[in-house]
Amino acid sequence: MTPIRVSIIGVIASVLLVLVVLELVRGRRLKERYALLWLATGIVLLVLSAWRGGLNTVAGWLGVTSYPPAVLFAVATLFILLVLLHYSTVLSRLTDENVELAQRIALLEERLRRKAREEQPPDG
Amino acid sequence: MRGRILAVVPALNEAGAIGRVVEEIRATRLPIDVVVVDDCSTDETAAVAEEAGATVLRLPFNVGIGGAVQTGLRYARDEGYEVAVRLDGDGQHDAGELPRLLAPLERGEASMVVGSRFVDGTGSYRPPLARRIGIRVFARLVSLLGGHRVTDTTSGFVALDRRGIELFAAEYPHDYPEVEATLVALRSGLRLAQVQVAMRERETGASSITFLRSLYYIVKVMLALLVASLRRYPRVEGASS
């Protein structure tokens, strides 16, 4: 069985995670779209920490017999991997979009400069 | 001659419908200009819209429906339009309803008018059960959190006066914006009116709502509503409620 202290710390940590994420969204420092995976992480960890019998059952399915809290670590790690992978895809998209923006601005500026030169021909 | 009303038409791959949408808006004889915001379509949407007489803003990549609408609202703000009205590029919003939609703004009774499918129960719109429940739940939730009864928070047929334009030009949700925007409007003290409108079935293209997206839609909107009701919103200047 999971030591009660581990359960309590697990509950506190996951509640903190959920609250911090909500506060970041409220302060507009995190978009809802990117908060959802973190919230799912917090809620799953909260459930597994608070519902001690459930953690035991899941540990049983996975063949973890000696120390059920190891499942908490495994689940947390899995979710962090998911979040990181998701962010890597987002980062890749942002990189492409950023390059596209830079290119368009360069082309636009060149076109604007050419227009300005055409409208105001140099003296002589 | 330039009008004082701007129709903002977000469009993604609507080459089949966009021409008629633009023409119908221009045929209303209102002092109205049309700006089509092309959310990086891969078909001829932009060219068709331009041919039909619209100004076209071409986004360099897909920014989502909310980002596209906000682009049009920023254009309305910067170009000094008094009124902006959003109609979707797929033709589901009937330009013939525009005078009715704009009437509360013209009378100074509201800063935001929503074309609702459910104001008085006379509408013929009967969506599938799941969607009908979703629409109703969101409407109840927004009414509760915003302290004002609204009947249709998912409608994209919306008119805004200068206050509304400035509010949403500054900040607008990027994806699935309608529900959250309604709550933000109420919490900012914008006066809201609803007008019963009929909506048409889609003419071409397919609705962008699939099962997984519906799930994301519901969760995202719920989270946005929760967070929006925790935020403080500055009252819109000159607005009363």
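Throughout what follows, the structure given in this document is the object of discussion. As a convention, each chain's residues are numbered from 1 in the sequence order in which they are written. Each chain takes a letter, starting from A, and each ligand takes a number, starting from 1, following the order in which they are written. The predicted origin of the model limits local features to residues at a pLDDT of at least 70 and limits the giving and counting of side-chain atom pairs to 80 or more, whereas totals for whole chains, interfaces and linings rest on all residues.

## So, the overall build of chain A
And then number 1: Regarding its fold elements, chain A presents 4 helices and 0 strands.
And then number 2: Beginning at the N terminus, the succession of helices and strands in chain A can be written as α-α-α-α.
And then number 3: The dimensions of chain A, computed from C-alpha atoms along their principal axes, are 90 × 30 × 15 Å.
And then number 4: Buried means a residue has 20 or more other C-beta atoms within 10 Å of its own C-beta, exposed means 12 or fewer, and partly exposed covers the counts in between; C-beta atoms are placed from the backbone. Looking at chain A residue by residue over its 124 residues, the buried ones come to 15%.
And then number 5: Residues are scored as being in contact if the C-beta atoms we place from backbone atoms lie within 7 Å. In chain A, the proportion of contacts linking residues at least 24 apart, taken out of those at least 6 apart, comes to 60%. A helix here means a DSSP run of H or I that spans at least four residues, while a strand means a run of E at least two residues long, and both kinds are numbered starting from the N terminus.

## So, the overall build of chain B
And then number 1: The number of helices and strands found in chain B is 8 helices and 7 strands.
And then number 2: Throughout, the radius of gyration refers to the C-alpha atoms, and the reference size of a globule is 2.2 Å times the residue count to the power 0.38. Relative to the globule expectation of 18 Å for 241 residues, the C-alpha radius of gyration of chain B, 17 Å, shows essentially globular dimensions.
And then number 3: Counting only C-alpha atoms and orienting by the principal axes, one finds that chain B spans roughly 45 × 40 × 35 Å.
And then number 4: Taken over 241 residues, chain B has a buried fraction of 46%.
And then number 5: Taking contacts inside chain B between residues at least 6 apart in sequence as the whole, the part at least 24 apart equals 77%.

## Quick notes on the nonpolar core
And then number 1: Only buried Ala, Val, Leu, Ile, Met, Phe, Trp, Tyr and Cys residues enter a nonpolar core, and they are joined through C-beta atoms within 7 Å. Counting 73 residues, the largest nonpolar core has Ala7(B), Val8(B), Val9(B), Val36(B), Ala84(B) and Val85(B) as its most contacted members.
And then number 2: The next biggest cluster of nonpolar side chains, apart from the first, holds 6 residues, and it includes Leu48(A), Leu55(A), Ala59(A) and Val71(A).

## So, the environment of Val47(A)
Residue and element names in this part refer to chain A.
And then number 1: Within the secondary structure, Val47 sits in helix α2 (residues 32-50).
And then number 2: You can call Val47 partly exposed: it has 14 C-beta atoms within 10 Å.
And then number 3: Each C-alpha atom, one on Val47 and one on Ser14, is 9.1 Å from the other, the two residues being 33 residues apart in sequence.

## Let's talk about the packing of helix α7 (residues 178-187) of chain B against helix α8 (residues 211-230) of chain B
Residue and element names in this part refer to chain B.
And then number 1: Where α7 contacts α8, the axes come no closer than 9 Å and their chain directions differ by 10 degrees. Here α7 lies roughly parallel to α8, going by the angle between them. In this structure, α7 contributes Val179, Glu180, Leu183, Val184 and Arg187 to the contact, and α8 contributes Val221, Ala224, Leu225 and Ala228.
And then number 2: Any residue that is not Ala, Val, Leu, Ile, Met, Phe, Trp, Tyr, Cys, Pro, Asp, Glu, Lys or Arg is counted as polar, Gly included; the first ten are nonpolar and the last four charged. Split by residue class, the contact of α7 with α8 holds 7 nonpolar, no polar and 2 charged. Inter-axis angles, ranging from 0 to 180 degrees, are taken between N-to-C directions of lines fitted to C-alpha atoms, where helices are fitted over the stretch in contact. Throughout this description, any angle smaller than 35 degrees is read as roughly parallel, any larger than 145 degrees as roughly antiparallel, any in the 65 to 115 degree range as roughly perpendicular, and the remainder as oblique.

## Let's talk about the packing of helix α5 (residues 129-146) of chain B against α7(B)
Residues and elements named next belong to chain B.
And then number 1: In the contact formed by α5 and α7, the axes pass within 9 Å of each other and the chain directions differ by 20 degrees. Judged by the inter-axis angle, α5 sits roughly parallel to α7. By crossing handedness, the relation of α5 to α7 is classed as right-handed. The residues of α7 that touch α5, namely those facing Phe138, Val142, Leu145 and Gly146, are Val179, Thr182, Leu183, Leu186 and Arg187.
And then number 2: Along the lines of polarity and charge, the residues of the contact of α5 with α7 split into 6 nonpolar, 2 polar and 1 charged. Crossing handedness is read from the near helix: turned anticlockwise from the far helix by less than a right angle, it gives a left-handed crossing, and turned clockwise, a right-handed one.

## A short note on the sheet that holds strand β1 (residues 5-11) of chain B
Residues and elements named next belong to chain B.
And then number 1: With mixed pairing, the 7 strands of this open sheet are ordered in space as β3-β2-β1-β4-β6-β5-β7. Two strands bound the open sheet, and with one partner strand each, they are β3 (55-58) and β7 (192-196). This sheet shows a mean twist of 20 degrees between the axes of neighbouring strands, independent of strand direction.
And then number 2: Any two strands between which DSSP finds at least two bridges are classified as paired. Where β1 and strand β4 (residues 83-86) come together, 4 bridges link them in parallel fashion. Residue pairing in the sheet places Ile5 in a bridge with Val83 of β4.
And then number 3: Sheet strands touched by helix α1 (residues 15-26): β1 and β2 (32-38). Its angle to β2, the strand with the most contacts, is close to 160 degrees.
And then number 4: Across the sheet, helix α3 (residues 64-78) touches β1, β2, β3 and β4, and the angle it forms with β1 is around 155 degrees.

## Focus: the pairing of β4(B)
One face of the sheet, then the other: side chains in a regular strand alternate in exactly this way.
All names here are of chain B.
And then number 1: Side chains Val83 and Val85 project from β4 onto one buried face, and the interleaved Ala84 and Arg86 project onto a second face that is buried too.
And then number 2: Where β4 and strand β6 (residues 158-160) come together, 3 bridges link them in antiparallel fashion. When the bridges of β6 are listed, Val85 appears paired with Ala159.

## Quick word on the pairing of β2(B)
Residue and element names in this part refer to chain B.
And then number 1: Taking burial as the measure, the 7 residues of β2 include 7 buried ones, the bulk of the element.
And then number 2: Across the two faces of β2 the burial is the same, with Ile32, Val34, Val36 and Asp38 and Asp33, Val35 and Val37 all buried.
And then number 3: Relative to β2, β1 runs parallel, the two sharing 7 bridges. Within β2, the position partnered with Ala11 by the bridge is Asp38.

## A short note on the interface of chain B and chain A
And then number 1: Every contact between the two is made by 10 residues of chain B and, on the other side, 11 residues of chain A.
And then number 2: Looking at the side of chain B that touches chain A residue by residue, the class counts come to 7 nonpolar, no polar and 3 charged.

## Brief notes about unusual backbone geometry
Residue and element names in this part refer to chain B.
And then number 1: Even without glycine at this site, Asn13 takes up a positive phi of about 55 degrees.
And then number 2: One can find Asn13 in the loop between β1 and α1.
And then number 3: We classify Asn13 as buried; it has 21 C-beta atoms within 10 Å.
And then number 4: In this structure, Tyr176 takes a positive phi of about 45 degrees despite not being glycine.
And then number 5: Along the polypeptide, Tyr176 turns up in the loop between α6 (162-170) and α7.

Geometric values such as these leave the question of function open.
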